[in-house]
Amino acid sequence: MVSADRNAPRPATSLPHRFGFWIKPALLIVSLLLTGLAIETTMRVVGVKPQTATVLSTYFEFDAQTGWRGKPHAASRFATTNFDVFISHDADGFRSCGYERPIADDAGAEHRVVWILGDSGTWGWGVDDGRTYVDLLNRMSTDGTRYRNLGHCGFSSLQEYLLLKDLFGRGRKPHEVVVLYCGNDLAENIDGVDQRPPRAYFHVAGDAVELRNHPTHKAGWGLSTWLKNHSLAWNHAHFYATRLKQRMKDEKMRTTPPTPTAARGPQQAESRQFMKSTSSQLSEHATAEQLTALRYVYRQMNELCRAHGVKLYVVNDGPPVVPAVCDEAGIAWFDLSRRWSEYYASPQATEAWCFPTDPHFNELGHRLIAEGMHGELARLRSAASNDTAAKPEASAK
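Conventions we followed
Residues numbered from 1 in each chain as written. Predicted model: local features only at pLDDT ≥ 70, side-chain atom pairs only at ≥ 80, totals over all residues. Heavy atoms only, no water. Helix = DSSP H or I, 4+ residues; strand = E, 2+ residues; numbered from the N terminus. Buried < 20%, exposed > 50% of the residue type's maximum accessible area, 1.4 Å probe, protein only. Areas by Shrake-Rupley, 256 points an atom, 1.4 Å probe, with all protein chains shown as cover. Pairing = 2+ DSSP bridges. Axes fitted to C-alpha atoms, helices over the stretch in contact; angles between N-to-C directions. Contact = heavy atoms within 4.5 Å. Core = buried A, V, L, I, M, F, W, Y, C linked by side-chain atoms within 4.5 Å. Polar contact = N/O pair within 3.5 Å; in protein donor to acceptor, adjacent residues only side chain to side chain. pLDDT = per-residue confidence, 0-100.

Engineer: What is the right way to look at the overall build of the protein chain in this model?
Structural biologist: Of regular secondary structure, the protein chain possesses 14 helices and 13 strands. Per-residue burial for the protein chain yields a buried fraction of 45% across its 397 residues. As presented, the protein chain carries roughly 21000 Å² of accessible surface, and 56% of it is formed by carbon and sulfur atoms.

Engineer: How do you make sense of unusual backbone geometry when you look at a structure like this?
Structural biologist: Note: most peptide bonds trans; most residues except glycine with negative phi. Cis geometry marks the peptide bond from H214 to P215, where omega comes out at -5°. Mapped onto the secondary structure, P215 falls in the loop between β9 (208-212) and α8 (223-230). The phi dihedral of H73 is positive, around 60°, even though this residue is not glycine. Within the secondary structure layout, H73 lies in the loop between β2 (67-70) and β3 (75-79). For N213, which is not a glycine, the phi torsion comes out positive at approximately 55°.

Engineer: How should I be thinking about the sheet that holds strand β6 (residues 146-149) in this particular structure?
Structural biologist: The strands making up a sheet associate through backbone hydrogen bonding, with each pair oriented either parallel or antiparallel. The sheet built from five strands is open, its strands ordered β6-β5-β7-β10-β11 with parallel pairing. Each edge of the open sheet is held by one strand with a lone partner, namely β6 and β11 (332-335). Averaged over all adjacent pairs, the angle separating strand axes in this sheet is 25°, with direction ignored. Where strand β10 (residues 311-316) and β11 come together, four bridges link them in parallel fashion. Note on β11: the bridge partner recorded for V315 is F334. The strands touched by helix α6 (residues 157-169) within the sheet are β5 (113-117) and β7 (176-181), with β5 carrying the most contacts at an inclination of about 145°.

Engineer: How should I be thinking about the pairing of β3 in this particular structure?
Structural biologist: Looking along a regular strand, one sees the side chains alternate between the two faces of the sheet. By the bridge criterion, five bridges tie β3 to strand β4 (residues 84-88) in an arrangement that is antiparallel. Looking at β4, one finds that S76 is bridged to I87.

Engineer: Would you mind showing me how to read the nonpolar core here?
Structural biologist: If you look at soluble globular proteins, the nonpolar side chains tend to sit buried side by side. Of all hydrophobic cores here, the largest spans 83 residues; its most connected members are W115, Y298 and M373. Of all the elements, helix α11 (residues 288-307) adds the most residues to this core, at eight residues. Excluding anything up to four places from it in sequence, M373 contacts I116, Y133, L137, V178, V315, F334 and L336.

Engineer: Teacher, can you tell me more about the environment of H217 here?
Structural biologist: Positionally, H217 belongs in the loop between β9 and α8. Considering only alpha carbons, one finds H217 and Q65, 152 residues apart in sequence, at a separation of 9.4 Å. Looking at H217, its side chain comes within polar contact range of the side chain of N213, at 3.4 Å.

Engineer: Which parts of the structure should I look at to understand the confidence of the model for the protein chain?
Structural biologist: Detailed reading of the predicted coordinates is not advisable wherever pLDDT is low. Chain-level pLDDT for the protein chain is 84 on average; 81% of the residues reach the 70-or-more range. This stretch, residues 258-283, has a pLDDT under 50; its non-local contacts, to residues over four places away or in other chains, come to 52 contacts.

What follows is the structure, encoded as structure tokens:
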């Protein structure tokens, strides 16, 4: 029996055989990349517009106090299938609004200066420069009053308060502050789960309210955000995947009895009726924790304004919870529901005041808000002036 020579050279293993396990996955990945590149190139050549836009990374930057804040001089086209507009910020990082003087001048201004706070609806999502309701208020002003747009996309009531506190602390202040309340603030004030990007929130236990995640730690926008901003193919894929997920969630909600501890509502507007009912749906499902947080932040905001000699107004966009909260805190408020009712009763009500598949106010919505706000602010100022004039007379008697 002849034994094999262990030192004899072994036959060479071919490269495909040695790496055979990895060839098919590698080929699949390369094929997917090439297919994606081809789709991306075709979409750009044809001129396809993005389905969604990630404005936070375009117009905003990290801020430890508020989570994010507007980039100074940010200016860019903002296009989706619902709109194609140009949006810019001023030198202080706030939305351009027809009043471009530095915010540092507001405290010493001889004319009345009004800061308007809110979320993307106030910032002017999908509305061209010069056509937001803050722009329109500046053009409607006949007494020299100037309005500054301090709206920030995605802001909660808590973030609006923190922005005010930071600006007041740096010596900036107006004569009046107007806050446009939106129903989604209820959930966002206590949302410690959706932290993309991170922001401060309230933790509520009974009547105790604790501020958490403040100052806010810095975090990147994430790969998905970068891809949505730079890839049309990913942008569209993300849009339809999110829309499918939302429809499945809405379907589940329709087949599940509502509970008092869930603040839920559809995220896509399919009709004007959705816009009319969204706020009431949000308020109907308001939890005790959400209402406690809203009461707390509005009290804090009012006390902050009073300490700096600033008048605070809250504009209610429908939910019935706001008037009661404002009355408790001693805050002057007015309701836009009258303006919406007037519009729906008019012959022009055939035109929707939100985008077809996006619940944000369009140009018509901003015009209606400006008209309603202009009249209500004039009424409240007149009432406050009459009260002030009546006090000395009562004292003299």
